Amino acid sequence: MINPVSAGSVSYDANVGSLRARRLVVFLHHDADGICDQSVLRVLQSLRSYASRFVVVANGGLKASARMQLEKIIDEVIERPNIGFDVGAYTEALRSVGWSHLAEFDELLLVNNTFFGPVSSFDPLFERMSHDNVDFWGMTNHPAVSPNPFTGRGVMPEHLQSYWLLIRKTILRDPSFERYWQSLPMPQSYNDVVVNFESQFTQYFSERGFTWAAAYRAEDYGVLNPSMEAPLALLKDGCPIFKKRLYFHDVPALTMQGVSTAEVTRMAVQRGFPLETIIEGVRRRATSREMTIALDATYIVPAVRPVEHGEAGGDSRLEIIEQRPWRDLARRQDAKTADITGSGRAAAIVVDPEELRTETRSDGNLLRYKHAHDALLGDDYSVIGIFGAHTRLAALFPYPQTMETPVSGRAWFARVQVAEKVAKSLGIVGPFSYSSIVAPYRGMAAYSGEFLRKVADRIFAAGGWERLSAIAGGDKALERILDCVAGDIAREEGMYVGIVATQDELRSSWNVMQDVYSRKPIVYPDYVDYPYSGRVVAPTIKNRVGQAIKSVSPRSFDRLYRLQLRIRQTMKGL
């Protein structure tokens, strides 16, 4: 156990433990927009009580407002160019503190902004690990892997994952610590960080006789990367953090690993972590569908008798209209004085297009409309209850029917470039949904009044309906594009969209979906999952090439994928 120190130390509360330590905390922050959202501020505020000195290194710089927020919490802010990743940031912070001054501290905590936390508190973690007589420790470890997945040869040694490294004074006072950092090559890519820093740090100091431990060992969970492959089990065991990457990692890959981000969200929220902080922390990185899936935004309503048009009863806060609302929003542009939903009372509106009510030429159309209508216009107007219980919910779209419906991906076809222009005009800067869009069934949807007002503001800021219509190629085209980018607008506003289905609908489609899913490798043999897929059954040459590019440079694969998609869609439009 570390010996107590006197003046200037930071103390744990008496009911947690007697440990007192002078601790230097160095926090690496990178944000492409130069801001600090609530997910970052929450971690910083929580770690403040454990730090005698707190330094934040901002790779890429900060907006003035963000710097002011940080200066209210921590002791020193270092802004630097976005070079060198973790290695460059930590090295510069340690030089700023001064190598000779490191001996004044009992512990150094190196941590970055890649996780949410704390769930509950960091107190139990620090108290438990204070009794572990080691020279350094981390949150989780990664077992040895052969061959090294980043180089294709040799062994990647067992190591602590670098998003959380706590180093004690036995190392801080050893000359090898400064030599280690001064000798590190400046990484040029994420792979360089893993190969030269993360996977080598533990081995370097253990070979010099220093001991280490992981607070949550990968061996206990039967996986290689517990932070990504066992996040639910970690939370159950009291781990105070969960990774942000869960919310924008490839969903099929997570599924193949048995990981459900929705379950992680549910458990974290049940244990007191704010859902709003999760939304704020990922909305500029995740697509609208990734958020819908990860936030568990699928709602099941009873199979009840639907309310017919013109029938009395129901919740007066719900308004039913027959046409898409977008042009009306543009005409009622003064959202601060005019009522967007028309009635003055409506908390939400349901769009129930007249053309769909009479389009019963095939069973597929009949079933899709019936299920969508029942889900949105149930006898007790369940929609109002769903919106009331989820204040960040912007819209509800009917569950995408499997009957007479092809696979949902690549939904834009030749319209993707036009849709991107409309999205840019509307101020959508987050990741654009290129495939698997969360969207209404031919306009049928429910929208919250608050969200419609936000859309009205964006249409106005973009120059109005006529300008957007000219970009889209006509009113009808713009209406369909707005249907599809509604989820992206919601995400930009710190909201999300959900899917609603009846019990009857799920019963009729579940077994069909199971069968379609089981046949996927046969039906789509040359499809490369994007961007990080799991194992591909019987990979083709295209699969192998795609995986090779991704292993070297995920960003290059991302650009090539988009180029390929645009070429296909342009050819379809010719």
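Given the structure is predicted, the values throughout are model-derived calculations rather than measurements. (Residues numbered from 1 in each chain as written. Predicted model: local features only at pLDDT ≥ 70, side-chain atom pairs only at ≥ 80, totals over all residues. Heavy atoms only, no water.)

Caption draft 1: Just the overall build of the protein, in detail. Along the backbone of the protein there are 25 helices and 18 strands. Put simply, the protein has 574 residues, and 51% of those count as buried. Across the protein, the fraction of contacts at a sequence separation of at least 24, relative to all contacts at a separation of at least 6, is 76%. Only carbon and sulfur atoms are counted for the fraction: they give 52% of the accessible area of the protein, which is about 25,900 Å². (Helix = DSSP H or I, 4+ residues; strand = E, 2+ residues; numbered from the N terminus. Buried < 20%, exposed > 50% of the residue type's maximum accessible area, 1.4 Å probe, protein only. Contact = heavy atoms within 4.5 Å. Areas by Shrake-Rupley, 256 points an atom, 1.4 Å probe, with all protein chains shown as cover.)

Caption draft 2: Inspection of the nonpolar core at higher detail. Grouped together as the largest cluster of nonpolar side chains are 44 residues, with contacts concentrated most on Phe242, Tyr247, Tyr299, Leu376, Leu396, Tyr496 and Val500. Among residues more than four places away in sequence, those in contact with Tyr299 are Ile386, His390, Leu393, Leu396, Tyr496, Gly498, Ile499, Val500 and Ala501. (Core = buried A, V, L, I, M, F, W, Y, C linked by side-chain atoms within 4.5 Å.)

Caption draft 3: Structural context of the packing of helix H20 (residues 465–472) against helix H21 (residues 475–492). H21 packs onto H20 with a crossing angle of 95° between their chain directions and a minimal axis gap of 8 Å. On the basis of the axis angle, H20 is roughly perpendicular to H21. Residues Trp465, Leu468, Ser469 and Ala472 of H20 form the contact with H21, whose own contacting residues are Asp475, Ala477, Leu478, Glu479, Ile481 and Leu482. Grouping the constituent residues of the contact of H20 with H21 by class yields 7 nonpolar, 1 polar and 2 charged. (Axes fitted to C-alpha atoms, helices over the stretch in contact; angles between N-to-C directions. Parallel < 35°, antiparallel > 145°, perpendicular 65-115°, else oblique. Nonpolar A, V, L, I, M, F, W, Y, C, P; charged D, E, K, R; others polar.)

Caption draft 4: Spatial organisation of the side chain of Asn113. Take Asn113: it is sitting in the loop between strand S6 (107–112) and strand S7 (115–116). A relative accessible area of 13% means that Asn113 is categorised as buried. With sequence-adjacent residues up to four places away left out, Asn113 is seen in contact with Phe27, Leu28, His29, His30, Val40 and Lys244.

Caption draft 5: Structural view of the packing of aromatic side chains. Scanning the model with the defined rule gives 33 aromatic pairs in all. Seen in terms of ring centroids, Phe126 and Trp137 are 6.3 Å apart; in terms of plane orientation they differ by 75°. Their pairing is edge-to-face. Separated by 11 residues along the polypeptide, Phe126 in helix H4 (residues 123–130) and Trp137 in strand S8 (residues 136–142) bring together distant segments of the chain. Of the two residues, Phe126 and Trp137, neither departs from the other in class, the shared state being buried. (Phe/Tyr/Trp six-rings, centres within 6.5 Å; stacked < 30°, edge-to-face > 60°.)

Caption draft 6: View of the pattern of salt bridges. In the structure shown here, the tally under the stated rule is 23 salt bridges. Close ionic contact of Glu493 with Arg458 constitutes a salt bridge, the shortest N to O distance being 2.8 Å. Of this pair, Glu493 sits in the loop between H21 and strand S18 (496–502) while Arg458 sits in helix H19 (residues 449–461), and the two are 35 residues apart along the sequence. Residue class for Glu493 comes out partly exposed when judged on its relative accessible area of 27%. A residue is classified by how much of its surface remains accessible, and Arg458, at 16% relative accessible area, is buried. (Salt bridge = Lys/Arg side-chain N within 4 Å of Asp/Glu carboxyl O.)

Caption draft 7: Region of the structure containing the packing of H19 against H21. Running from amino to carboxyl end, H19 crosses H21 at an angle of 95°, the nearest separation of the two axes being 11 Å. With respect to each other, H19 and H21 are oriented roughly perpendicular. In this structure, H19 uses Phe451, Val455 and Arg458 to contact H21, whose residues at the interface are Ala486, Ile489, Ala490 and Glu492. Partitioned by chemical class, the residues of the contact of H19 with H21 number 5 nonpolar, no polar and 2 charged.

Caption draft 8: Structural context of the sheet that holds strand S13 (residues 298–301). Within the open sheet, the 6 strands sit side by side as S13-S18-S16-S17-S15-S14. Their pairing is mixed. The strands lining the two open edges of the sheet, one partner per strand, are S13 and strand S14 (318–321). Across the sheet, the mean angle separating the axes of adjacent strands is 25° when strand polarity is ignored. Bridge analysis of strand S15 (residues 348–351) against strand S17 (residues 445–448) gives 4 bridges, and the strand direction is antiparallel. Counterpart to Ala348 in the pairing with S17 is Ser448. Along the sheet, H19 contacts S15, strand S16 (393–398) and S17; its crossing angle with S17, the most-contacted strand, is approximately 80°. (Pairing = 2+ DSSP bridges.)

Caption draft 9: Highlighting the confidence of the model for the protein. Residue-level pLDDT values for the protein average 83, and 78% of them are 70 or greater. Counted against residues more than four places away or in other chains, residues 309–313, with its pLDDT under 50, gives 6 contacts. (pLDDT = per-residue confidence, 0-100.)

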